[in-house]
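Working through the structure, step by step
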Amino acid sequence: MLSRSEHIRELLKLYFIMGSVNCRLSPADTLLQAVNGGITLFQFREKGPGALSGAAAVDLARQLQGICRQRGIPFIVNDDIGLAEMLDADGVHVGQEDEPAAAIRRRLGADKIVGVSAHTLEEAQQAVSDGADYLGVGPVYPTSSKEDARAVQGTQVIEQLRRSGLSIPIVGIGGITADNVTPVIRAGADGISVISAVAQAPEITGAARHLLHKVITSGRT
Ligand SMILES: Cc1ncc(COP(=O)(O)OP(=O)(O)O)c(N)n1
Ligand SMILES: Cc1ncsc1CCOP(=O)(O)O
Ligand SMILES: [Mg+2]
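Reading the values: rules and limits
Residues numbered from 1 in each chain as written. Chains lettered and ligands numbered in written order. Predicted model: local features only at pLDDT ≥ 70, side-chain atom pairs only at ≥ 80, totals over all residues. Near = placed C-beta within 6 Å. Helix = DSSP H or I, 4+ residues; strand = E, 2+ residues; numbered from the N terminus. Nonpolar A, V, L, I, M, F, W, Y, C, P; charged D, E, K, R; others polar. Core = buried A, V, L, I, M, F, W, Y, C linked by C-beta atoms within 7 Å. Buried ≥ 20, exposed ≤ 12 C-beta atoms within 10 Å, placed from the backbone. Contact = placed C-beta atoms within 7 Å. UniProt positions renumbered as here; feature names shortened; annotations may be inferred. Pairing = 2+ DSSP bridges. Right-handed = clockwise from strand over helix to strand, strands pointing away. pLDDT = per-residue confidence, 0-100. Axes fitted to C-alpha atoms, helices over the stretch in contact; angles between N-to-C directions.

The next thing to look at is the site of ligand 1. Among the 18 residues in the neighbourhood of ligand 1, the closest are listed as Gly95, Ser117, Gly136, Ile173 and Ser193. Only strand E1 (14-18), strand E4 (91-94), strand E5 (113-118) and strand E7 (170-173) provide two or more residues apiece to the shell around ligand 1. When grouped by side-chain class, the residues that make up the shell around ligand 1 number five nonpolar, eight polar and five charged.

Listed below in structure tokens is the structure:
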């Protein structure tokens, strides 16, 4: 039986994030094809210019959660803790500008997955003491999927967090593709989180499958 953190490390291998604005196909078809390619975790992130709001966003979230439930993929909600509670989602992901992780942990209880974005060692240490299950660290590379992304940091922060002895599960994020995934894993990430490398791929299932293979084989020397 895997420990909680070993289980989270497995889930982080290929963490797909998506909302309606990121998709070339319908969101449901995009997610179905990504699931067929082997994604290990899904985050509903309905954000950015043209994003749905209100009932339309809730309806889409329910539809995507249904697909995840059918296929055994945990369903994480970005930012909106109320939506996560309403849907009984498997967890949430929050950043430094969102509701503090310690309060979210108290609100959701021990069983839900809580992920936190960290850009510095101090933010990472705070997230650990707040009860985060994993850290999202990036942007590792330039991204066009987040308008207000922080400065590109390469793999340096991931390396620094590991050097400092932090053992919390880490997922690298930002501009990650099959061609640049290896240094992210070698820096100490347990997996990768992607939007465009899957949602915008000409062949989504094959792209996800290839990314997962790269993650799994990148750790080997
Ligand atoms: C896995 C993962 N890592 C980082 C982020 C970014 O979160 P945040 O900094 O709160 O930015 P938004 O995604 O809310 O725009 C993430 N969503 N997922
Ligand atoms: C949500 C988020 N947080 C940091 S970068 C990013 C966007 C990642 O998208 P892509 O994989 O298309 O670069
Ligand atoms: Mg956020």
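What follows concerns the nonpolar core. Grouped together as the largest cluster of nonpolar side chains are 64 residues, with contacts concentrated most on Phe16, Ile192, Val198 and Leu211. Setting aside its immediate chain neighbours within four residues, Leu211 contacts Leu14, Ala178, Val181, Ile192, Val194 and Ala197.

The next subject is the UniProt feature "binding site: 4-amino-2-methyl-5-(diphosphooxymethyl)pyrimidine" (unreviewed entry) in the chain. The feature "binding site: 4-amino-2-methyl-5-(diphosphooxymethyl)pyrimidine" (unreviewed entry), as annotated in UniProt, sits at Gln43, Phe44, Arg45, Glu46, Lys47, Asn78, Ser117 and Lys146 in this numbering. Note on placement: Gln43 falls in strand E2 (residues 41-44). Exposure remark for Gln43: the 23 C-beta atoms within 10 Å place this residue in the buried category. When residues no more than four places from it in sequence are discounted, the contact partners of Gln43 are Tyr15, Ile17, Ile76, Asn78 and His93. Here Asn78 shows up in strand E3 (residues 75-78). Not counting residues up to four positions away in its chain, the partners in contact with Asn78 are Gln43, Phe44, Arg45, Lys47 and His93.

The next thing to look at is the site of ligand 2. The environment of ligand 2 is formed by 15 residues, the closest being Thr143, Ser145, Gly174, Ile195 and Ser196. Residues of the shell around ligand 2, tallied by class, amount to eight nonpolar, six polar and one charged.

Side-chain alternation along E2 places Leu41 and Gln43 on one buried face and Phe42 and Phe44 on a second face that is also buried. Here four bridges tie E1 to E2, and the two strands are oriented parallel to one another. Across the sheet, Tyr15 pairs through a bridge with Leu41, a residue of E2. Note that the unit made of E1, helix H2 (residues 27-36) and E2 has a crossover that is right-handed. Note: E2 against E3, three bridges, orientation parallel. Pairing of Phe44 across the sheet is with Val77, part of E3. In this fold, the crossover linking E2 to E3 by way of helix H3 (residues 54-71) has right-handed handedness.

Now for the confidence of the model for the chain. Summing up the model confidence of the chain, the mean pLDDT is 97 and the portion of residues at 70 or higher is 99%. Scored as a whole, the predicted complex attains pTM 0.98, and scored at its interfaces, ipTM 0.99.

Attention now moves to the sheet that holds E5. Strands sit in the order E1-E2-E3-E4-E5-E6-E7-E8 around a closed barrel of eight strands; the barrel is parallel. On average, each strand axis in the sheet is inclined to that of its neighbour by 25 degrees, with strand direction left out of account. Pairing geometry for E4 and E5, over four bridges, is parallel. Bridged to Gly91 within E5 is Ile113.

Attention shifts here to the UniProt feature "binding site: Mg(2+)" (unreviewed entry) in the chain. Mapped onto this structure's residue numbering, the UniProt feature "binding site: Mg(2+)" (unreviewed entry) falls at Asp79 and Asp98. Across 20 residues, the annotated set stays spatially compact, with a maximum C-alpha separation of 6.4 Å. Inspection of the secondary structure assignment puts Asp79 in the loop between E3 and helix H4 (81-87). With 19 C-beta atoms counted inside 10 Å, the residue Asp79 sits in the partly exposed group. If near-sequence neighbours (up to four positions away) are discounted, Asp79 is found in contact with Val94 and Asp98. We classify Asp98 as partly exposed; it has 16 C-beta atoms within 10 Å.

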